[in-house]
Amino acid sequence: MRFKSGIQERSIVVKCGADSFLPFAVTFGVYIILFGTVSPGGGFQGGVMVASAALLLYLAYGFKNATKALNPEVLRVNEACGATLYVILGMLGIFLGANFCRNVFFNDGQVGDLISAGTITFMGYSVGYKVLTGVGFLLLLMLGLLAPDDDEDEEEEVAVE
Amino acid sequence: MKARKAITIISLVVILAFGLAAVVNAYLNIPIAYDGSDVNVVDLYNDPESYDVSNPDGVADIIVKENLSKTMAANNVAAVVFDFRGYDTLGESFILLTAIAGAFVIVSRGHKKAKKEEEKQ
């Protein structure tokens, strides 16, 4: 089963488009994660936006180069680290004598500051970290099923020409 | 077979009767939290700011009035997702973890099978 119609890899137009769009996508996604407690957005949404970088890399440079830039094994380990970080932040409430997931030190700073809302901010960061690594790994996994054969075929065609 | 059919019909009738009784009981006994009978929908559509939000009830009251003193988060949605409903977000993120682990297991087994078949050929 192969999906060859439509997009041509290594086309100059696709490559330039991905190159020019990728920094904006990553910057905007990271902004949405960082300002989750102040403005609309949050960990899930920003994480998925950052994870689209994997897809853009695949469209422009093919699967092998994308996995060189973003190692799937590293992404997989980092996702587990993000999940553990969320649990530890939830356990902070127990360590300080309250319930699980209790917001314990929320009185620092003024309303509207980034670090003003206690554990809410850091929980948002951990969820964003987890989602961006997890969805990036999932995208690379799914592309790995379809892509490598196509790559080899194209290389053979180029060699014949 | 006839006995089976009779049992099926009887059980269906019993379930239907209990369900109807539960619905009627719930309708009669549950207190109505918000009754929108006084609101004119056309007027509300033309002028949304005329809606009375001074007396929200239940959880909405706590979230609207005491959000800043309870969480200091300027974004109410973030306060609900990560503070009031922290358990729920934990479950959501672990659903993602489980889904990715399952996909990884299935895909890696498929890769191994494909490699074995190639070696045989």
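Structure shown above.
Rules behind the numbers
Each chain has its residues counted from 1, following the order in which its sequence is written. Each chain is given a letter, starting from A, and each ligand a number, starting from 1, according to the order in which they appear as written. Where totals are concerned, whole chains, interfaces and linings use all residues; where local detail is concerned, this predicted model gives features only for residues with pLDDT of at least 70, and gives and counts side-chain atom pairs only at 80 or more. Values reported for side chains reflect all heavy atoms of the structure, with hydrogen atoms and water molecules removed beforehand. The criterion used for residue contact is that any of the two residues' heavy atoms lie within 4.5 Å. The quantity reported as buried area is the accessible area (1.4 Å probe) lost by two parts once they are put together, taken as the sum for both. Definition used for salt bridges: Asp or Glu carboxyl oxygen within 4 Å of a side-chain nitrogen of Lys or Arg. Pairs of N or O atoms within 3.5 Å make up the polar contacts considered here, provided that, within protein, one atom can donate a hydrogen while the other can accept it, and that residues adjacent in sequence are counted only when both atoms are side-chain atoms. The numbering of helices and of strands both runs from the N terminus, where a helix is a DSSP run of H or I of at least 4 residues and a strand a run of E of at least 2. Basically, the charged four are Asp, Glu, Lys and Arg, the nonpolar ten are Ala, Val, Leu, Ile, Met, Phe, Trp, Tyr, Cys and Pro, and anything else, Gly included, counts as polar. Excluding any residue in a salt bridge, patches collect residues exceeding 30% relative accessible area, merging like charges within 9 Å and nonpolar Val, Leu, Ile, Met, Phe, Trp and Tyr side chains within 5 Å. Note on areas: Shrake-Rupley, 1.4 Å probe, and residue coverage restricted to the protein chains presented here. Only four residue types enter the tally: Lys and Arg on the positive side, Asp and Glu on the negative side, with His and both chain ends excluded. To locate a charge, the coordinates of NZ of Lys, CZ of Arg, CG of Asp or CD of Glu are taken. When accessible area is computed with a 1.4 Å probe and restricted to protein chains, residues below 20% of their type maximum are described as buried, those above 50% as exposed, and intermediate ones as partly exposed.

1. Quick look at the interface of chain B and chain A
Frequently, the measure chosen for interface size is the accessible area that the parts lose on association.
Argument step 1. Each partner contributes to the interface: chain B provides 26 residues, whereas chain A provides 38 residues.
Argument step 2. Here chain B and chain A share an interface that buries about 2,700 Å² over both sides, 75% of which is from carbon and sulfur atoms.
Argument step 3. The largest share of the area that chain B buries against chain A comes from B:Met72, B:Phe82 and B:Ile100, three residues that together contribute 27% of it.
Argument step 4. On the surface where chain B and chain A come into contact, there are 0 salt bridges.
Argument step 5. At the junction of chain B with chain A, the criterion picks out 6 residue pairs in polar contact (both at pLDDT 80 or more).
Argument step 6. When contributions to the side of chain B that touches chain A are tallied by element, the ones reaching two or more residues are helix 3 (59–71), helix 4 (76–84) and helix 5 (86–120) of chain B.
Argument step 7. The element that contributes the greatest number of residues to the side of chain B that touches chain A is helix 5 of chain B, accounting for 14 residues.
Argument step 8. Class assignment of the residues belonging to the side of chain B that touches chain A gives a composition of 16 nonpolar, 7 polar and 3 charged.

2. Things to note about a positive patch on the surface
Argument step 1. On the surface, B:Arg109, B:Lys112, B:Lys113, B:Lys116 and B:Lys120 cluster together to form a positively charged patch.
Argument step 2. For B:Lys113, the location among the structural elements is in helix 5.

3. Description of the side chain of A:Asn103
All names here are of chain A.
Argument step 1. Within the element layout of this structure, Asn103 appears in the loop between helix 3 (72–95) and helix 4 (119–160).
Argument step 2. Residue class for Asn103 comes out buried when judged on its relative accessible area of 6%.
Argument step 3. A distance of 3.1 Å separates polar atoms of two side chains, one belonging to Asn103 and the other to Thr119.

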